[in-house]
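# Structural characterization, general
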Amino acid sequence: MTAASGRALVLRNVTIVDTRDGTLAPNADVHVSGGVIAAITTADPDSAAAAAAALTDAEVVDGSGKYLIPGFSDMHAHPLTEKHPAGDLELMLANGVTGFRQMSGSPRLLRERSAGTLPLPADSPGVVALPGSLLTPLNAGTIADAVAVIRDQAAAGADFIKVALITPQVFFPAVAEARKLGIPVAGHLPTGIDVERASRAGIKAIEHLGPGLTIIAGCSTDEVSLAEAIAGLPALRLPSIKLPFMDRILMRVLRKVVINPVNRLTPAEVEILQQAVDTFSEERAAELAGLFAEDGTWQVPTLIRLRTQYLCDAPEFSQDPDLRYMAHSTAKSWRDAAGTFTAKFPPLSRATFRAAYDVLLRMTKIFNDGGVKMLAGSDSVGAAWEVPGPSLHREFDELARAGVPPLRILQMTTRDAAEFLGATATMGTVDVGKHADLVLLDANPIADVASLHQISAVIRAGRHYSTADLTHLKDRVRTTNPAT
Ligand SMILES: [Zn+2]
């Protein structure tokens, strides 16, 4: 955790955006000291606050015409999976991300966090949640293994259990064990699982709207025949024998798959996806929304992740100016993945993917309208075309494209993230006593989601980063990124 800045700070004459309901409170002076919001007073036209600040040697920032919101939480990210995460983390901070939920952990990361030695640079967002190792057939191939690994991770201080590749046979006993221990489960629903049953069983968060076929098949008028078709697919083949270094080998394989998992789809799977698209039912999606809302099952759509997978060869990605912040080797691996995508899938398959993405946008709106709790996440670091920091802003844009109103998008990355984390006492709104993790915007974010991109300043743990500081930080990442 970054040490709180020692010098007090006054944000003068800002408009505070209430993330609870979108109300605007103009003419506020926000006093920050010791890394928290110490006081909020009415801006004094006689500059009494400025005079008082001068007496206490506080830094004064003129916020006239600007809008103050809590810093963004990227609720699905993987920067700590990298060997050298400093540049990625700095880029996230420079784009207003003051906190992130790390979605893949390890015994080492859990140890480092409790020892206070996580590899975070001085200019970094904070880690708001950290799991243990991903549950895979290696550590959770059987129910007994899954139960043992969940107990180990809970004892090691994991904030949640991340599931991804386990079989449906192991999935439900694993969720039951985690519930017994009071540790939440988040992750991907394994293919072939019944989504209603997973929600009823108490999975806390579903990532990437499934991903793949799980939720979309559950929204079909033809659910039964789709389930049969999915059951007829060859089972996922992953090593389940334990050998030394097997986990490292598996992780290396996964890293390649993660760049764009859609590249692995077979013609049979693409055909089922098209069938799901053709039979998508808004009524079924609304029913599912009702169930998620009732069960308190959160959704983390990561639409930008789904868009970059399904539209992998779109020029909007290969021509993205933010690619200049990435190492050449990383950008090259993304270009290669787009090349594989183009070479592998005929135009008809690509039309299926575009149609599937449109359905996912519709689904997101239906879930939001149906009162489903949702979070904003990018899935950056490791995923093709996902520049850490800017990719969360693209997620805001995709949510807007789906029809989610600007206030809801702001909530998904601030107040609702705090609620999800059980951390409303310290984050999520601009209130006295909250952590001074803040973003100052040039325009009103309730009027237009694009205002979220117009960052004037970032405050992280009480430290102020001006527009010039943020530019400097980005430039530093660009120039220090390894060239190979
Ligand atoms: Zn992820």
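See above for the structure.
Within every chain, residues take consecutive numbers counted from 1 along the sequence as written. It should be noted that, the model being predicted, local features are given only for residues of pLDDT at least 70 and side-chain atom pairs only at 80 or more, the latter also being counted only at that level, while totals for whole chains, interfaces and linings use all residues. Side-chain numbers come from the whole structure's heavy atoms, not from hydrogens or water.

## Points about the pairing of strand β13 (residues 438-441)
Note the cut-off: Note on classification: 1.4 Å probe, protein chains only; a residue is buried when its accessible area is under 20% of the maximum for its type, exposed when over 50%, partly exposed between these limits. Numbering of helices and strands runs from the N terminus, with a helix taken as a DSSP run of H or I at least four residues long and a strand as a DSSP run of E at least two residues long. Should DSSP find at least two bridges between two strands, the strands are regarded as paired.
The two faces of β13 match: L438 and L440 on one face and V439 and L441 on the other face are all buried. Of the pairings in the sheet, the one linking strand β5 (residues 67-70) to β13 comprises four bridges and is antiparallel in character. Within the sheet, the bridge partner assigned to I69 lies in β13 and is V439. Sheet topology note: the β13/strand β14 (residues 455-460) ladder contains four bridges and is antiparallel. Bridging from a neighbouring strand, L440 pairs with A457 of β14.

## Here we look at a positive patch on the surface
Note the following rule: For patches, a residue must show more than 30% relative accessible area and have no salt bridge; joins then use 9 Å for like charges and 5 Å for nonpolar side chains, namely Val, Leu, Ile, Met, Phe, Trp and Tyr. For accessible areas, the Shrake-Rupley method is used with a probe of radius 1.4 Å. Any residue's cover is judged against the shown protein chains and nothing else. A side-chain nitrogen of Lys or Arg and a carboxyl oxygen of Asp or Glu constitute a salt bridge if their distance falls within 4 Å. This count recognises Lys and Arg as positive and Asp and Glu as negative, with His and chain-terminal groups excluded. Charge positions are represented by NZ for Lys, CZ for Arg, CG for Asp and CD for Glu.
Together, K83, R248, R252 and K256 make up a positively charged patch on the protein surface. Mapped onto the elements, K83 comes out in the loop between β6 (72-77) and α2 (86-94).

## Regarding unusual backbone geometry
Backbone torsion omega between G210 and P211 reads -10°, so that peptide bond is classified as cis. Within the element layout of this structure, P211 appears in the loop between β11 (205-207) and α8 (214-218). Even without glycine at this site, H208 takes up a positive phi of about 60°. As for its position among the elements, H208 is in the loop between β11 and α8.

## With respect to the sheet that holds β6
Selection criterion: Orientation is described by lines fitted to C-alpha atoms, with helices fitted over the stretch in contact, and by angles between N-to-C directions that extend from 0 to 180 degrees. Contact between two residues is taken to exist if any of their heavy atoms lie within 4.5 Å; hydrogens are not considered.
One open sheet accounts for three strands, arranged β6-β7-β8; its pairing is parallel. The outermost strands of the open sheet, each flanked by one partner alone, are β6 and β8 (126-129). Taken pair by pair, the neighbouring strands of this sheet meet at an average axis angle of 35°, ignoring direction. Relative to β8, strand β7 (residues 97-102) is paired through three bridges, and the arrangement is parallel. Within β8, the position partnered with R101 by the bridge is A129. Of the strands in this sheet, β6 and β7 are in contact with helix α17 (residues 390-402), which crosses β6 at around 95°.

## Here we look at the environment of A338
On the secondary structure map, A338 appears in helix α15 (residues 328-344). Distance in space between the C-alpha atoms of A338 and D44 is 56 Å, their sequence separation being 294 residues. Discounting chain neighbours no more than four positions away, the residues touching A338 are C312, D313 and W385.

## Some words on the sheet that holds β11
The parallel open sheet is built from four strands, whose spatial order is β9-β10-β11-β12. Edge positions in the open sheet fall to β9 (161-163) and β12 (298-300), since each of these has one partner strand only. Strand after strand, the sheet turns through a mean of 25° between neighbouring axes, direction not considered. Inspection of the sheet shows β11 paired to β12 by three bridges, in the parallel sense. In the strand pairing of β12, A205 is matched with W298.

## Considering the coordination of the zinc ion
Note the following rule: Ligating atoms shown are N, O and S within 2.8 Å of the metal, or 3.2 Å for Na, K and Ca, and water is not included, meaning a site may look less than complete.
Looking at the zinc ion, the protein donor atoms are H76 (NE2), H78 (NE2) and D379 (OD), and they sit 1.9 to 2.2 Å from it. Summarised as a motif, the one-chain spacing of the donors to the zinc ion is H-x1-H-x300-D. Taken as a pair, H76 in strand β6 and D379 in the loop between α16 (347-369) and α17 lie far apart in primary sequence, 303 residues in all. Of the two residues, H76 and D379, neither departs from the other in class, the shared state being buried.

## Looking at helix α3 (residues 107-115)
Three- or four-residue spacings in an α-helix give side chains the same orientation, since the helix completes a turn every 3.6 residues. Spelled out, the test is: Each direction from the helix axis to a C-beta atom contributes to the arc, which is the arc of those directions.
For α3, the set of buried residues is L109, L110 and E112. Buried residues of α3 fall within an arc of 165° about the axis and therefore sit on the same side. Every exposed residue of α3 that faces more than 90 degrees away from the buried side is listed here: R111, S114 and A115. Once α3 finishes, G116 follows within two positions and takes phi at roughly 70°, a positive value.

## Structural notes on the pattern of salt bridges
One pass over the full model with this rule turns up 34 salt bridges. Between R200 and E294 there is a salt bridge; the shortest N-O distance is 3.7 Å. A residue pair is termed long-range when its members are at least 10 positions apart, and R200 in helix α7 (residues 195-201) and E294 in helix α12 (residues 282-295) qualify at 94 residues. Linking K332 and D336 is a salt bridge whose minimum nitrogen-to-oxygen distance equals 2.8 Å.

## A short note on the packing of aromatic side chains
Cut-off, in case you're wondering: Pairing of aromatic rings covers Phe, Tyr and Trp, the last counted by its six-membered ring, and requires centre-to-centre distances within 6.5 Å; plane angles under 30 degrees mean stacked, over 60 mean edge-to-face, and any other angle means tilted. Should the NZ of a Lys or the CZ of an Arg lie within 6 Å of a ring centre and within 35 degrees of the ring normal, that charge is described as sitting over the ring.
Using the criterion set out here, one finds nine aromatic pairs in the structure. Between F292 and F367, the ring centres sit 5.4 Å apart and the planes meet at 90°, which makes this aromatic pair edge-to-face. Linking F292 in helix α12 with F367 in helix α16, this pair joins segments that are 75 residues apart in sequence. A relative accessible area of 1% means that F292 is categorised as buried. You can call F367 buried: its relative accessible area is 0%. Their ring planes at 40° and their centres at 5.8 Å tell us that F341 and F353 sit as a pair that is tilted. You can see F341 sitting in helix α15 and its partner F353 sitting in helix α16, a full 12 residues away along the chain. For F353, a relative accessible area of 0% gives the class buried. Between R101 and the ring centre of F160, over which it is positioned, the NZ or CZ distance is 5.5 Å. Of note, K204 hangs over the ring of F420, and the distance from its end group to the ring centre comes to 4.3 Å.

Shape descriptors only; they carry no functional weight alone.
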